[in-house]
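# Coordinate inspection notes
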Amino acid sequence: MRAGVLSGGGDSPGINAALRSIVRFGAKHGVEVVGFLEGWRGPLENLVRPLSMSDVSGILQVGGTILGTSRTNPFRIDGGAERVLENLKRNKLDFLIAIGGDDTMGVAHRLAGKGLNVVGIPQTIDNDIAMTDYSLGFSSALEAVTDAMDRLHTTAASHNRVLILEVMGRDAGWLSLMGGVAGGADVILVPEKRFSVDAIYRRIQQREAQKKHFSIIIVAEGSRPEGCDDQVVAEAEVDAFGHARLGGIGQYLANELSDRMHVPVRVTNLAYLQRGGSPAPFDRILATRFGAAAIEFALERKFDVMTALQGIRIMPVPLGEALAKPRPIEDWLFYLIDLFE
Ligand code: F6P
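Below you will find a few notes about this structure. (Residues numbered from 1 in each chain as written. Predicted model: local features only at pLDDT ≥ 70, side-chain atom pairs only at ≥ 80, totals over all residues. Heavy atoms only, no water.)

### Some words on the sheet that holds strand β7 (residues 187–189)
Taken in spatial order, the 4 strands make up an open sheet running β7-β8-β6-β11, and their pairing is parallel. Where the open sheet ends on each side, the last strands, each with one partner, are β7 and β11 (266–269). For this sheet, the mean inter-axis angle between neighbouring strands, taken without regard to orientation, is 15°. Two elements, strand β6 (residues 162–167) and strand β8 (residues 215–220), share 6 bridges in a ladder whose sense is parallel. Bridging from a neighbouring strand, Val162 pairs with Ser215 of β8. The sheet contacts of helix α6 (residues 174–183) involve β6, β7 and β8, and relative to β8 the element is tilted by about 160°. (Pairing = 2+ DSSP bridges. Helix = DSSP H or I, 4+ residues; strand = E, 2+ residues; numbered from the N terminus. Axes fitted to C-alpha atoms, helices over the stretch in contact; angles between N-to-C directions. Contact = heavy atoms within 4.5 Å.)

Below is the structure:
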């Protein structure tokens, strides 16, 4: 048998570990693997390379993706979907494994509707894919966020400062909420819950009254103040999936707070530092299990599904169901935001 694999969308630590698992577990079951380069651009332009055991040797602990990635959307290109299907056929593939977030797997699902045998692996630091407890990459990004929080703490405490950490996540606040809890943030802001600058200011004053002369605020890039529908964007231009690049809410908040406090409030935008680097142990294990499960599901002819972690098991869940709605933080978890206020 012959399988293809690609990684699309924003990268995250753990993709290489999944590729290694696909190739190794595939070999064990007589499946030869080829890799398509740069997301859906690979099958669109037939950018393909063999993936042998030696190609995936030594990459378990390496972040990013040896295949490269892109946000190419073949459905936005005239005849794009047909070209992808033709190239996959030309490579004599029995099935394809698509590693990525909702955009990458959304394309996979639409192509499954046109007859493609495809299995998805959910991978995004945003952790916003439904029906899986964790997406690949989230745990590693969370580790980077927690480390940044720890570092900000020591300098904030030394200088008696209010510091803001802006983290990614698009419309989901998982990184901010869990990073805030793990890093002991004094204020946690997420896109799922509008914030009030006055309430944050009161919280800082309350800490002052308790002789805590510094505060750390963690804010997800997609967060918005009360009464505001628009997210702050770094670039107005949208990508091939219709997303603008978010960024800047931390600075907005710093300006608002500085006006009230009459002292500078400083911002750190963690940006790509939270997405790069080596995968955490949890992601190495998840990637290894997801990769092997993707091969296993394909051999059982379970297609148009993604590998999902449900409890401690990896299950095949229909892509259509998983992608039907996003996965924001569930309301019952909001208690973690103001647990100690
Ligand atoms: O979806 C993953 C993600 O890292 C988001 O958290 C973030 O908003 C976006 O990608 C950044 O995109 P880009 O890589 O285009 O800057």
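Next, the rest of the story.
### Here's the deal with the sheet that holds strand β4 (residues 95–100)
A sheet is described by the order of its strands in space; here 7 strands give the open sequence β3-β2-β1-β4-β5-β12-β13, paired in mixed fashion. The open sheet has two edge strands with one neighbour each: β3 (48–51) and β13 (313–318). Each adjacent strand pair in this sheet contributes to an overall mean axis angle of 30°, direction not counted. The strands touched by helix α1 (residues 15–28) within the sheet are β1 (2–7), β2 (32–36), β3, β4 and β5 (118–122), with β4 carrying the most contacts at an inclination of about 160°. Against the sheet, helix α9 (residues 281–299) engages β4, β5, β12 (305–310) and β13, with an angle of about 140° to β12.

### Regarding the layout of surface pockets
Empty space within the largest pocket amounts to approximately 610 Å³. Every residue lining the largest pocket is counted, 37 residues in all, and those nearest its centre are Arg71, Met168, Arg170, Glu221 and Arg275. Looking at the lining of the largest pocket, the elements that each hand over two or more residues are α4 (102–112), β6, β9 (233–238) and β10 (244–246). Classifying every residue of the lining of the largest pocket gives 9 nonpolar, 14 polar and 14 charged. Looking at the lining of the largest pocket, you find at least three residues from each of domain 1 (2–137 + 279–322) and domain 2 (140–276). (1 Å grid on protein atoms, 1.4 Å probe; cavity = no way out; pocket = protein on both sides within 12 Å on 5 of 7 lines; lining within 4 Å. Points joined across faces, edges and corners; volume = space filled by probe spheres on them. Nonpolar A, V, L, I, M, F, W, Y, C, P; charged D, E, K, R; others polar. Domains from an automatic or database assignment.)

### Observations regarding the site of the ligand
Taken together, Arg71, Ile125, Asp126, Met168, Gly169, Arg170, Glu221, Arg245, Tyr272 and Arg275 make up the full set of residues adjacent to the ligand. Glu221 has a polar side-chain atom sitting 2.5 Å from an oxygen atom of the ligand. Arg275 places a side-chain nitrogen or oxygen 2.9 Å from an oxygen atom of the ligand. Starting from 400 Å² of accessible surface for the ligand in isolation, the protein chains cover 85%. In this structure the site holding the ligand corresponds to the largest pocket. Residues belonging to the shell around the ligand are distributed by class as follows: 3 nonpolar, 1 polar and 6 charged. For the shell around the ligand, the two domains that each supply at least three residues are domain 1 (2–137 + 279–322) and domain 2 (140–276). (Near = heavy atom within 4 Å. Polar contact = N/O pair within 3.5 Å; in protein donor to acceptor, adjacent residues only side chain to side chain. Areas by Shrake-Rupley, 256 points an atom, 1.4 Å probe, with all protein chains shown as cover. Sits in = over half its atoms within 2 Å of the grid points.)

### So, the packing of aromatic side chains
For the coordinates displayed, the defined rule picks out 3 aromatic pairs. Geometrically, the ring pair formed by Tyr134 and Phe282 is edge-to-face, given 5.2 Å between the ring centres and 70° between the ring planes. With a gap of 148 residues between them, Tyr134 in the loop between β5 and α5 (138–159) and Phe282 in helix α9 connect regions that are remote in the sequence. Residue class for Tyr134 comes out partly exposed when judged on its relative accessible area of 35%. You can call Phe282 partly exposed: its relative accessible area is 37%. What links up through ring pairs into an aromatic cluster is the set Tyr134, Phe138 and Phe282. (Phe/Tyr/Trp six-rings, centres within 6.5 Å; stacked < 30°, edge-to-face > 60°. Buried < 20%, exposed > 50% of the residue type's maximum accessible area, 1.4 Å probe, protein only.)

### As for the packing of helix α7 (residues 197–209) against helix α8 (residues 249–261)
Running from N to C, α7 and α8 cross one another at 55°; their axes reach a closest spacing of 10 Å. Considering their axes alone, α7 and α8 lie oblique with respect to each other. You can see that α7 and α8 cross each other, and the crossing is right-handed. Contacts from Val197, Asp198, Ile200, Tyr201 and Ile204 of α7 reach α8 at Leu253, Glu256, Leu257, Arg260 and Met261. (Parallel < 35°, antiparallel > 145°, perpendicular 65-115°, else oblique. Left-handed = near helix turned anticlockwise from the far one by under 90°.)

### So, the nonpolar core
One finds Val5, Ile22, Phe95, Ile97 and Ile99 to be the most contacted residues of the largest nonpolar core, which totals 32 residues. When residues of this core are traced back to their parent elements, those giving at least two are β1, α1, β4, β5, α9 and β12. A total of 8 residues in this core trace back to one element, the largest contributor, which is α9. Once residues lying within four places of it in the same chain are set aside, the contact partners of Ile97 are Gly4, Val5, Leu6, Ile22, Val119, Ile121, Ala294 and Ile295. By size, the runner-up hydrophobic cluster in this structure holds 29 residues, among which are Ile125, Leu163, Val167 and Leu333. (Core = buried A, V, L, I, M, F, W, Y, C linked by side-chain atoms within 4.5 Å.)

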